[in-house]
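Coordinate analysis (summary)
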Amino acid sequence: MKILVTGGTGFIGSHTVVELQAKKHDVIIVDNLSNSSADIVDKIALISGIKPELEVFDLTDKDLTSDFFKRHNDISGIIHFAAFKAVGESVQKPLLYYRNNLESLVNILQGMKDNNIKNIVFSSSCTVYGQPDELPVSENAPIKLAESPYGNTKQISEEIIKDTVKATDINAVALRYFNPIGAHKSAIIGELPIGVPNNLVPFITQTAIGIRECLSVFGDTYETPDGTAIRDYIHVVDLAEAHVIAVDRMINNKMKNNYEVFNLGTGNGYSVLEVINSFEKVTGLKLNYKIVDRREGDITQVWANPDYSNNELGWKAKKGIDEMTLSAWKWEQALANNK
Ligand code: UD1
């Protein structure tokens, strides 16, 4: 089956391409390389033995997107990752985020409708739940007012998709990710943050390798056992596997509804200090960190109720926190060795 992966040279996208290829899918990537590079397809080929096709253009370009779908109307399913994802940047540049994340989605849905392409998996986020009233958080928890334009693009995208599914033959699955971390076990692909990382684990590994001096732990006065904020970290390969299952479910007409939503998390919450402890334990290193003020917009704690995904998709995250932090470290070391 031919699967289009938008943003397929990015962090989650590249790991998903590898898992799709392992299940014998034929992958074509569309990416504008705004936050990645073309040589990722060679890295993917090093792992899988197959170099995926890559077309470099911007999906916010209506004419180029329309032309692409005319040339590739034999696509069985789309996994749509291509989007901007930096929360802080989205507050500074809301129009950039709305234009990029929403126009590309509309253009893709239009291309699907015009060319009778039926299936799309959308990359959503647990950010849509805000600080949930109940934990663990299930798929039917209320959507909270978005804290950032980035979070709002995920909420609006889900609405756009839902409305389109109602009015057309298109089927969609929205996957709400918790906190994806880690890297492929080969250490050939992983997360490649440009500039100073916003996210916790790349900041930890860059500090340990000497690129950053000290990790700032954002707040230790949260109402949690050790005072630091809690998240549900999930290994990127576990996440990638769920995408393959979701797209296969659509292609094989196994959906219960034309629009489905699944949480992708482990169901376990770890505090910032617990992540640091795991990192120190598996690497034997001492991390330089200090406690600073809370980061604006951060919530206290969130972790998934993955029961619905586990039962309905027959998928379960398998890798624990130590495997996640160790794989992230091996990736950071591989990057340093290849410089
Ligand atoms: C955020 C978004 C999420 C988005 C993701 C990708 C929210 C609620 N979540 O996740 O939707 O998909 O970014 O960019 O908007 N931390 C530190 N020091 C650091 C970095 C982080 O202490 O240098 C702490 C944070 O305060 C947080 C935890 O580590 O408690 C995880 O932070 P991060 O990796 O940035 O992810 P989220 O903010 O949870």
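Here, every reference points to the structure presented above.
Quick look at the structure, then. Just so we're clear, the structure is a prediction, and the values are computed from it rather than from any experiment.

Conventions adopted
- Per chain, the residues get numbers from 1 upward, laid out in the order the sequence is written.
- Local features in this predicted model are restricted to residues of pLDDT 70 or higher, and side-chain atom pairs are both shown and tallied only at a pLDDT of 80 or more, whereas totals for entire chains, interfaces and linings draw on every residue.
- With hydrogens and water set aside, each side-chain value is computed from the structure's full complement of heavy atoms.
- The rule is short: rings of Phe, Tyr and Trp, with Trp giving its six-membered ring, pair when the centres are within 6.5 Å, and they are stacked under 30 degrees, edge-to-face over 60, tilted in between.
- By definition, any uninterrupted DSSP run of H or I lasting at least four residues is a helix, any uninterrupted run of E lasting at least two residues is a strand, and each is numbered from the N terminus.
- Accessibility here uses a 1.4 Å probe with only protein chains present; expressed as a share of the type maximum, an area under 20% marks a residue as buried, one over 50% as exposed, and anything in between as partly exposed.
- The criterion is that NZ of a Lys, or CZ of an Arg, lies within 6 Å of the ring centre and within 35 degrees of the ring normal, and then a charge sits over that ring.
- What a helix should span is 1.5 Å times the count of its residues minus one.
- Note on contacts: a residue pair is in contact if any heavy atoms of the two residues lie within 4.5 Å.
- A pair is scored as a salt bridge if a Lys or Arg side-chain nitrogen falls within 4 Å of a carboxyl oxygen belonging to Asp or Glu.
- Residues are counted as near a molecule or strand when any one of their heavy atoms sits within 4 Å of it.
- Contacts described as polar in this section are N or O atom pairs within 3.5 Å, which, within protein, must combine one atom able to donate a hydrogen with one able to accept it, while residues neighboring in sequence count only if both atoms come from side chains.
- When residue character is reported, Ala, Val, Leu, Ile, Met, Phe, Trp, Tyr, Cys and Pro are called nonpolar, Asp, Glu, Lys and Arg charged, and the others, Gly included, polar.
- Boundary definitions for the domains trace back to an automatic or database domain assignment.

1. A look at the packing of aromatic side chains
By the definition in use, this model includes six aromatic pairs. Between Phe 84 and Tyr 97, the aromatic rings sit 5.4 Å apart at their centres with planes inclined by 55 degrees, giving tilted as the arrangement. Of this pair, Phe 84 sits in the loop between strand 4 (77–80) and helix 4 (87–92) while Tyr 97 is found in helix 5 (residues 94–115), placing the two residues 13 residues apart along the sequence. For the pair Phe 84 and Tyr 97, one class covers both residues: buried. An aromatic cluster of at least three residues, connected via ring pairs, comprises Phe 57, Phe 68 and Phe 69. A cation sits over an aromatic face here: Arg 294 above Tyr 222, 3.9 Å from the ring centre.

2. Details of helix 5
The terminal C-alpha atoms of helix 5 lie 31 Å apart, and with 22 residues this matches the ideal 32 Å at 1.5 Å per residue to within 8%. Where helix 5 is buried, its residues contact strand 1 (2–6), helix 3 (62–71), strand 4, helix 4, strand 5 (119–125) and helix 6 (149–167). Just downstream of helix 5, Asn 116 is the residue with a positive phi angle, here 60 degrees.

3. Examining the pattern of salt bridges
A full pass over the atoms with the stated rule returns 19 salt bridges. With a shortest N-O distance of 3.7 Å, Lys 162 and Glu 159 are connected by a salt bridge. Of this pair, Lys 162 and Glu 159 both sit in helix 6, three residues apart, roughly one helical turn. According to the relative accessible area criterion, Lys 162 is partly exposed, its value standing at 31%. A salt bridge links Asp 163 to Lys 166; the nearest nitrogen and oxygen atoms lie 4.0 Å apart. One end of the pair is Asp 163 and the other is Lys 166, both in helix 6 and three residues apart, which spans about a single turn. Here the residues in one salt-bridge network are Arg 249, Lys 256, Glu 260 and Glu 312, joined through shared partners.

4. Focus: the site of the ligand
Taken together, 19 residues lie around the ligand, and Leu 200, Ser 216, Arg 231, Arg 295 and Asp 298 are the ones closest in. Measuring from an oxygen atom of the ligand, one finds a side-chain N or O atom of Asn 199 at 3.0 Å. If one sorts the elements of the shell around the ligand by residue count, strand 8 (residues 215–218) sits on top with four residues. Of the residues assigned to the shell around the ligand, the class counts are nine nonpolar, six polar and four charged. When residues are assigned to domains, the shell around the ligand turns out to be shared by domain 1 (2–181 + 234–264) and domain 2 (200–230 + 267–337), each giving three or more.

5. Comments concerning the environment of Phe 81
With respect to the helices, strands and loops of the structure, Phe 81 is situated in the loop between strand 4 and helix 4. Assessed through its relative accessible area of 10%, Phe 81 is described here as buried. Spatially, the C-alpha atom of Phe 81 lies 8.8 Å from that of Ser 124, the residues being 43 residues apart in sequence. Beyond its immediate sequence surroundings of up to four residues, Phe 81 is in contact with Val 5, Thr 6, Gly 7, Ile 12, Gly 13, Thr 16, Ser 123, Tyr 177 and His 243.

By themselves, these observations are geometric and do not establish any function.
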